[in-house]
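Read off the chains here:
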Amino acid sequence: MAVSLLTLSTPSLVFAQTPTPVIKAFCGRVAEFESKVDQKITDRGEKLKTQRDERANTITTRRANRSAKREESRDKWNANRQAHYAKLEARAQTDAQKQAVIAFKTAVEQAVTARRQTIDAAIQAFRQSVDQAIANRKSSVDTAIATFKTSRDAAFEKAKSDCASGVDARTVRETMQASLKTVREKFQNDIQAIERAKDAVKTSMETRKQAVEKAHQDFKAAVEKASNDLKALLGK
């Protein structure tokens, strides 16, 4: 959409290198040209909306699938842990060994809960960051487009006003070309600035990655300690 709109304000597509007889008829064609540009903007606006809807649906579906797979994996691991606990309980003969198994189970379950909470929080924070970035980008793009349209309309209105006032057609055409060129360049700069804002998502992605890695490291350390404490009483 952004790239497509950049071409809409370029009058040279229609009027550059225009023969003198046609230049004289320029004033009678301003409204026609404006109408064609309006239609192109409308068409591309509808395309942009469709793309946004499709992107939103894709994100929602992807998140739902990942959440489902994560819960499925957790359910399987829950079952595996319970089976492992049962084997340990069967090996425990003395009261001390039984208490050691209980302490092991408690420590592991606490580690599991802590890891899941940290990972879930990191994922939620990342998703909120992405949603905010998408909303900000949408707002910024919409503002840039609205500014583009307003400035472009002003250029056309001035051309029509100058024509009605009897200003030379060549002068009107050249003035409109210059105005639309400025409008196009500003729009292009606005869009480029918006694209550079994507770095915010990269930062959030790195934050999530670090949080998840630390959660796994903390979990591994907690389970290793619990295992060592258990082995001291129950053996390998």
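What counts, and at which threshold
- Throughout, residues of each chain are indexed from 1 in the direction in which the sequence is written.
- For a predicted model such as this one, the threshold for reporting local features is a pLDDT of at least 70, and the threshold for listing and counting side-chain atom pairs is 80 or more; totals across whole chains, interfaces and linings nevertheless cover every residue.
- Computation of side-chain values covers all heavy atoms of the structure but excludes hydrogens and water.
- Here a helix means four or more residues in a row that DSSP labels H or I, a strand means two or more in a row labelled E, and each is numbered from the N terminus.
- The span one expects for a helix is its residue count, reduced by one, times 1.5 Å.
- One side-chain nitrogen of Lys or Arg within 4 Å of one carboxyl oxygen of Asp or Glu is enough to make a salt bridge.
- In plain terms, two cysteine sulfur atoms within 2.5 Å form what is called a disulfide here.
- Only protein atoms enter the 1 Å grid, on which a cavity is a set of points fitting a 1.4 Å probe that cannot get out and a pocket is an open set with protein on both sides within 12 Å along at least 5 of 7 lines, lining residues being those with an atom within 4 Å of a point.
- Grid points are joined across faces, edges and corners, and a volume is the space filled by probe spheres set on the points.
- Note on residue classes: Ala, Val, Leu, Ile, Met, Phe, Trp, Tyr, Cys and Pro are nonpolar, Asp, Glu, Lys and Arg are charged, and everything else, Gly too, is polar.
- As a rule, the C-alpha atoms of each element are fitted with a line to give its axis, helices using only the stretch in contact, and angles between N-to-C directions run from 0 to 180 degrees.
- Should an angle fall under 35 degrees it is taken as roughly parallel, and over 145 as roughly antiparallel, whereas 65 to 115 is taken as roughly perpendicular and any remaining angle as oblique.
- Side-chain rings of Phe, Tyr and Trp (the six-membered ring for Trp) are treated as a pair once their centres are within 6.5 Å; stacked means planes under 30 degrees apart, edge-to-face means over 60, and tilted covers the remaining angles.
- The cut-offs for exposure are 20% and 50% of the maximum accessible area for each residue type, with area from a 1.4 Å probe on protein chains only; residues under the lower value are buried, those over the upper are exposed, and the others partly exposed.
- Charge over a ring is defined by NZ of Lys or CZ of Arg lying within 6 Å of the ring centre and within 35 degrees of the ring normal.

For helix 5 (residues 95–164), spanning 70 residues, the distance from its first C-alpha to its last is 103 Å, which sits close to the expected 104 Å at 1.5 Å a residue. Directly beyond the C-terminal end of helix 5, a positive phi value near 85° is found at Gly 166.

Another aspect to go through is the pattern of salt bridges. Enumeration according to the criterion identifies 21 salt bridges in this entry. Salt bridges sharing partners connect three or more residues here, namely Arg 70, Glu 71, Arg 74 and Asp 120.

Simply put, disulfide is the name for a covalent bond between the sulfur atoms of two cysteines. The tally for this structure, following the rule as stated, stands at one disulfide. Paired through a disulfide, Cys 27 and Cys 163 show a sulfur-sulfur distance of 2.0 Å. Looking down the S-S bond of the Cys 27 and Cys 163 bridge, the torsion is -80°, so its handedness is left-handed. Placement of Cys 27 in the loop between helix 3 (20–24) and helix 4 (30–91) and of Cys 163 in helix 5 is noted, with a sequence separation of 136 residues between them.

One simple way to see leftover space: roll a probe sized like a water molecule over the atoms. Evaluation of the coordinates by the stated rule reveals one cavity of 30 Å³ or more. Quantified by volume, the largest cavity comes out at close to 50 Å³. In terms of lining, the largest cavity is formed by Ala 144, Thr 147, Phe 148, Ser 151, Val 183, Lys 186, Phe 187 and Asp 190. Broken down by secondary-structure element, the contributors of at least two residues to the lining of the largest cavity are helix 5 and helix 6 (169–196). In terms of residue class, the lining of the largest cavity is built from four nonpolar, two polar and two charged.

What follows covers the packing of helix 4 against helix 5. Direction vectors running N to C along helix 4 and helix 5 enclose 180°, while the axes themselves pass 12 Å from each other. For the element pair helix 4 / helix 5, the angle class is roughly antiparallel.

Right, let's get into the packing of aromatic side chains. Following the criterion strictly, the structure yields four aromatic pairs and no others. Geometrically, the ring pair formed by Trp 77 and Phe 219 is edge-to-face, given 5.5 Å between the ring centres and 65° between the ring planes. Of the two residues, Trp 77 is situated in helix 4 and Phe 219 in helix 7 (residues 199–234); the sequence distance between them amounts to 142 residues. Judged by relative accessible area, Trp 77 falls into the partly exposed class, the value being 30%. With centroids separated by 6.3 Å and ring planes inclined at 85°, the aromatic side chains of Tyr 85 and Phe 104 adopt a geometry described as edge-to-face. With a gap of 19 residues between them, Tyr 85 in helix 4 and Phe 104 in helix 5 connect regions that are remote in the sequence. Comparing Tyr 85 with Phe 104, the two get one shared label, buried. Directly above the ring of Phe 219 sits Arg 115, whose terminal nitrogen or CZ lies 3.8 Å from the centroid. When the ring centre of Phe 126 is taken as origin, the NZ or CZ atom of Arg 208, which lies over that ring, is 4.0 Å away.

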